[in-house]
Amino acid sequence: MPPADASRRSAPPCHVHKFGGSSLADALLYRAATTLLDDATGSRVVVVSAMQGVTDSLIALVDAARDGRPWRDAFDSLRERHAAAAGALDPDGMHDLDATLAREFDALHDQLQAICANPASDDALGRGLPGFGEILSSHLMHAALGGDAADWRRLDARDVLVVHAGEMGMAVDWAASRARLAAWRARRGEGDVVVTGFVARDADGHATTLGRNGSDYSAAIFANLFDAEALTIWTDVDGVLSADPRLVPEAVCLPSMSYAEACELAYFGAKVLHPQTMAPVQERGIPLWIRNTRRPESPGTLISTHTGHDAAPVKGLSLVRDLAIVELVGNGMVGVPGAAERLFGALRGAGVSVTMISQGSSEHSICCVLRADQAERARDAAAAAFADAIADGQAQGVTLTPDIAVLAAVGDGMVGTPGVAARLLGGLAQARVNARAIAQGAGERNISIAIGANDATRALRAAHAAFWLSPQTLSVGVIGPGQVGSALLLQMSAALPQLRERSGLDLRLRAIANSRAMVLDERGVEPADAAARLHGGAAQALDLDRFVDHVRGEHLPHALIVDCSASPHVAAHYPRWLARGIHVVTPNKQAGSGPWDHYAAIQDATRRGGGRFRYEATVGAGLPVMLTLRNLLDTGDELYGIDGMLSGTLAWLFNRFDGTVPFSQLVREAQALGYTEPDPRDDLSGLDVARKLVILAREAGRALSLEDVEVENLVPPALRDVDREAFLARLEEMDAPMLARFRDAAAQGNSLRHLAQLDRDGRAHVGVVALPAEHACCHTRLTDNLVQFRTRRYAENPLVVQGPGAGPDVTAAGVFGDVLAIAQSLGSPPGLSAPLPEPRAQAHA
């Protein structure tokens, strides 16, 4: 582009405004547009698109005339629409707008009739007609602004702008256009101007257009020609967004970006701008604003030479759909010059445009991503170009992979920043999206990844969250809103707003179920109301497969199921869920302590599918028992043994049992306080404690099953098979044996405690044990759980985790903590913390 004349540098500053069709849909919007031109000094240039939908109507008219189909009704409708707008904008006929539009429509009618009479004529006859809407629109805007009386001039771009068709679209003859504009300004004088967008003339003087989105291109061209100090494009969005808001509702408006960033995003499908728009303003360093006509108070997006400082290296993300991959593979291509040239020459000859290229350094294959409607033509052209090499076995052939999309991450902050690709690919991996091909230019402003079309929306949301451009979204389903489940829902209701605002985490409860019914809600369920909705009109019969499919919705990057039931039937589904990449959190002990084959299947599914399985609350409720054990082993410590008081009920009984009150009386008192199960034998059998010990042992790497645990059942054999009422009536039969054991222990200076024990050799025992007074388990509060780890590091002074180990609130807090731990692992910003009670973790000799 030639430099501007030095003489024009002394001209007053000029601000170019461009209004798109959605901003000019009717007369009211034309009036509204005139109020946005509030430049305090200098001249204003207003470039207009056609009224919304008019360009498509004109193209349809030309096609109908050429095909011999009826077109006059559509023509009359278009004429009436413009006449109505003219009547509203020029009610007194002051600007003679009706007559002006009548002349334009008469000319349009004549050209359509000429096409109809000679449909086989040169296409030049109809080439300029799609731009007729801008000509009409410029008359409407000129009148809305007050016309000549208000010192507004109207410029028909066909009188100034000269273009020619190039390989990359319409190109401007800058010298001729600048000279024609100078002549026009000499005739009409300096001042405010309304310009027709989209239209121009070729070197032969034929009317033509600049192609789709050409009005934006026109605005940038005239900003350059008028040597403007700024260009504002008024549209129907607040600015350039970080992603398509239809796919990522949390997309944010970018306050600023560089020309390079805008070009990359525009090329990869951002709808606000066309790539051609940038070149004329970038050449002159003219700032470009994108603003919303319906929300003029919004500052919009500034596009200029330098971008603003951002914490995130990626500024925005875009998707291009309807693509395919054509890949040439050949061992014989390694180190052979000219293979790429031959391939791309063949594609060029076939008229195929390549969107993205990827080639490994081994040169074994070349992968091209291109438009789906050109894919078969590209494959055939490549196969023909390499037919000899394929026949000789030097190339293995050309393959076509359909249903591809390209995800592009764009940002100046990527330049020189390590780890950007890792974060992007990590986010996709967490969302179970496979990368088919990857490309990045040396400029480092763009990473493009070819993915399956079915994964496109999920990939975009996962990447958007990975760079903290939007909250990390987890689609959550909760099964079992009983005591623990209800407590969890209340905790979620209280915490979710803060988590979203403070930590960028969107835990979206989309499904709730009990053993009979479920509620599925695409928009999300308010956690505090979730349990009640199971009894309302939205509830439907439970279908666990449909429940899971809804939670796993393909458009959301991450899915998580919280199982607060105690159902072995639900736990049986864990391997399938985990294999699908669905994370599972549970206080349900059925899976962790069930048959070894099922436990092994769960572990295998987590490795294969990527779903995480968290079960902290299965042992110790909200106490960090599993976490402590995991950290000990992961840091290289060696486990010597575990002693654990793992039942709040049994801890209370033996903390209270001092020989002065019969054991049966304590059992009845515990039942009255709600500490026991409805049938106290469920506690006294020790089976629940044994399950917890199996879970701990397996976490420690021991292949232990429930049948391997030596379990002491405190219920006398004669009372094990009677009904509940008979058992409660005969509780006193437990007193004598228990009193005898107490006295034997006391005689040795020991105390009785119910203990789960795992030794160094993997032997497991659950039952009543006599412990010396200095043992940690002899110094607990009434219902505390306590787990004592003896390891190589903590051999003489064992590590103890102690605190409340039962109750809905603390158990739900443990479950919630697991949910947040998974969210943290998925790339949520640091700072997540679970609403856990403060455990009393201490070391005892």
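Residues numbered from 1 in each chain as written. Predicted model: local features only at pLDDT ≥ 70, side-chain atom pairs only at ≥ 80, totals over all residues. Heavy atoms only, no water.

### Details of the pairing of strand S5 (residues 169-172)
Using the following cut-off: Strands are labelled as partners when DSSP assigns at least two bridges between them. Per the convention used, a helix needs a DSSP run of H or I reaching at least four residues, while a strand needs a run of E reaching at least two, with both numbered from the N terminus.
Bridging between strand S4 (residues 163-166) and S5 involves 4 bridges; their strand directions are antiparallel. Counterpart to Gly166 in the pairing with S5 is Gly169.

### Comments concerning the sheet that holds strand S21 (residues 517-520)
Short version of the rule: Residue contacts are counted whenever heavy atoms from the two residues lie within 4.5 Å of one another. In this description, a line fitted to the C-alpha atoms serves as the axis of each element, helices being fitted only across the stretch in contact, and the angle between N-to-C directions of two axes falls anywhere from 0 to 180 degrees.
If you trace the 7 strands from one edge of the open sheet to the other, you get S22-S21-S20-S19-S23-S24-S25, paired in mixed fashion. Here the strands that pair on one side only, and so sit at the sheet edges, are strand S22 (540-541) and strand S25 (613-614). Here helix H18 (residues 544-551) sits on the sheet and contacts strand S19 (472-479), strand S20 (505-513), S21, S22 and strand S23 (558-563); the angle it forms with S19, its principal contact strand, is near 165°.

### Things to note about helix H1 (residues 27-34)
Inclusion rule: Buried residues are those whose accessible area, probed at 1.4 Å on protein chains only, stays under 20% of the maximum for their type, while exposed residues exceed 50% and partly exposed ones sit between those limits. Note that the arc is computed from the directions linking the helix axis to the C-beta atoms. Identification of polar contacts relies on pairs of N or O atoms within 3.5 Å, with a donor-acceptor requirement for protein atoms, meaning one able to donate a hydrogen and the other able to accept it, and with residues adjacent in sequence counted only if both atoms are side-chain atoms.
Of all the positions in H1, only Ala27, Leu29, Tyr30 and Ala33 are classed as buried. One side of H1 holds all its buried residues, which, seen down the axis, span an arc of 160°. Looking at the buried residues of H1, the elements they touch are strand S1 (14-19), helix H3 (72-89) and helix H6 (132-144). The N-capping residue of H1, defined by a side-chain oxygen 3.1 Å from the backbone nitrogen of Leu28, is Asp26.

### Topic: the sheet that holds strand S10 (residues 256-258)
Think of a sheet as strands paired side by side through backbone hydrogen bonds, with each pair either parallel or antiparallel. Taken in spatial order, the 8 strands of this open sheet run S3-S6-S2-S1-S9-S11-S12-S10, and their pairing is mixed. In this open sheet, the two strands that pair with only one neighbour each are strand S3 (152-155) and S10. Neighbouring strand axes in the sheet, compared pairwise and without regard to direction, differ in orientation by 20° on average. Lying on the sheet, helix H8 (residues 214-225) is in contact with S1, strand S2 (43-48), S3, strand S6 (192-196) and strand S9 (230-235); it crosses S1 at an angle near 175°.

### What about the pattern of salt bridges?
What counts here: Should a side-chain nitrogen of Lys or Arg be within 4 Å of a carboxyl oxygen of Asp or Glu, the pair is scored as a salt bridge.
Within the structure shown, the criterion is met by 39 salt bridges. Members of the salt-bridge network, linked through shared partners, are Asp238, Arg295 and Glu297.

### What about the packing of H1 against H3?
Stated formally: These descriptions rest on fixed angle ranges, namely under 35 degrees for roughly parallel, over 145 for roughly antiparallel, 65 to 115 for roughly perpendicular, and the rest for oblique. Note on residue categories: nonpolar means Ala, Val, Leu, Ile, Met, Phe, Trp, Tyr, Cys or Pro, charged means Asp, Glu, Lys or Arg, and polar means any other residue, Gly included.
With their axes 9 Å apart at the nearest point, H1 and H3 run at an angle of 45° to one another. By the angle between their directions, the pair H1 and H3 is classed as oblique. Contacts between H1 and H3 pair Ala27, Tyr30 and Arg31 from the former with Ala85, Ala88 and Leu89 from the latter. Residue composition of the contact of H1 with H3, by class: 5 nonpolar, no polar and 1 charged.

### Focus on the packing of aromatic side chains
Pairs of aromatic rings are described using the distance from one ring centre to the other and the angle between the two planes. The cut-off we apply is this: A pair of Phe, Tyr and Trp rings is counted when the ring centres sit within 6.5 Å of each other, with Trp represented by its six-membered ring. The angle between the planes then sorts it: under 30 degrees is stacked, over 60 is edge-to-face, the rest tilted. Lysine and arginine charges are scored as sitting over a ring when NZ or CZ, respectively, is within 6 Å of the ring centre and within 35 degrees of the ring normal.
Across all of its chains, the model carries 12 aromatic pairs by this definition. Seen from their ring centres, Phe657 and Phe742 are 5.5 Å apart, and the 55° between their planes marks the pair as tilted. Separated by 85 residues along the polypeptide, Phe657 in the loop between helix H24 (648-656) and helix H25 (663-672) and Phe742 in helix H29 (residues 735-747) bring together distant segments of the chain. The ring of Phe386 is capped by Arg342, whose NZ or CZ atom sits 4.5 Å from the centre of that ring.

### A word on unusual backbone geometry
If a residue is not glycine, its phi is most likely negative; likewise, a peptide bond is most likely trans. Even without being a glycine, Phe198 presents a positive backbone phi close to 80°. Here Phe198 shows up in the loop between S6 and strand S7 (199-201). Residue class for Phe198 comes out buried when judged on its relative accessible area of 7%.

### Structural notes on the pairing of strand S29 (residues 764-772)
Bridge count between strand S27 (residues 709-711) and S29: 3 bridges; the pairing is parallel. Bridged to Val711 within S29 is Val766. Where strand S28 (residues 750-758) hands over to S29, the hairpin turn is made up of 5 residues, of which Gly762 adopts a positive phi near 90°.

### Here's the deal with the confidence of the model for the chain
Selection criterion: Per-residue confidence from the prediction method is given by pLDDT, with values spanning 0 to 100.
The share of residues in the chain with pLDDT of 70 or more is 93%, and the mean pLDDT across the chain is 89. Within the chain, the element-level pLDDT minimum falls on strand S32 (residues 840-843), averaging 37, and the maximum on strand S24 (residues 583-585), averaging 97. Between residues 1-10, whose pLDDT stays under 50, and residues either more than four places distant or in other chains, the model counts 20 contacts. This model gives residues 833-845 a pLDDT under 50, and the stretch forms 38 contacts once residues within four places in sequence are excluded.

### Regarding the environment of Ala86
Structurally, Ala86 can be placed in helix H3. Judged by relative accessible area, Ala86 falls into the buried class, the value being 1%. Taking the C-alpha atoms as reference points, Ala86 and Leu509, 423 residues apart in sequence, are found 52 Å from one another. For Ala86, the residues in contact, after removing those within four places along its chain, are Pro91, Leu97, Asp98, Leu101 and Leu140.

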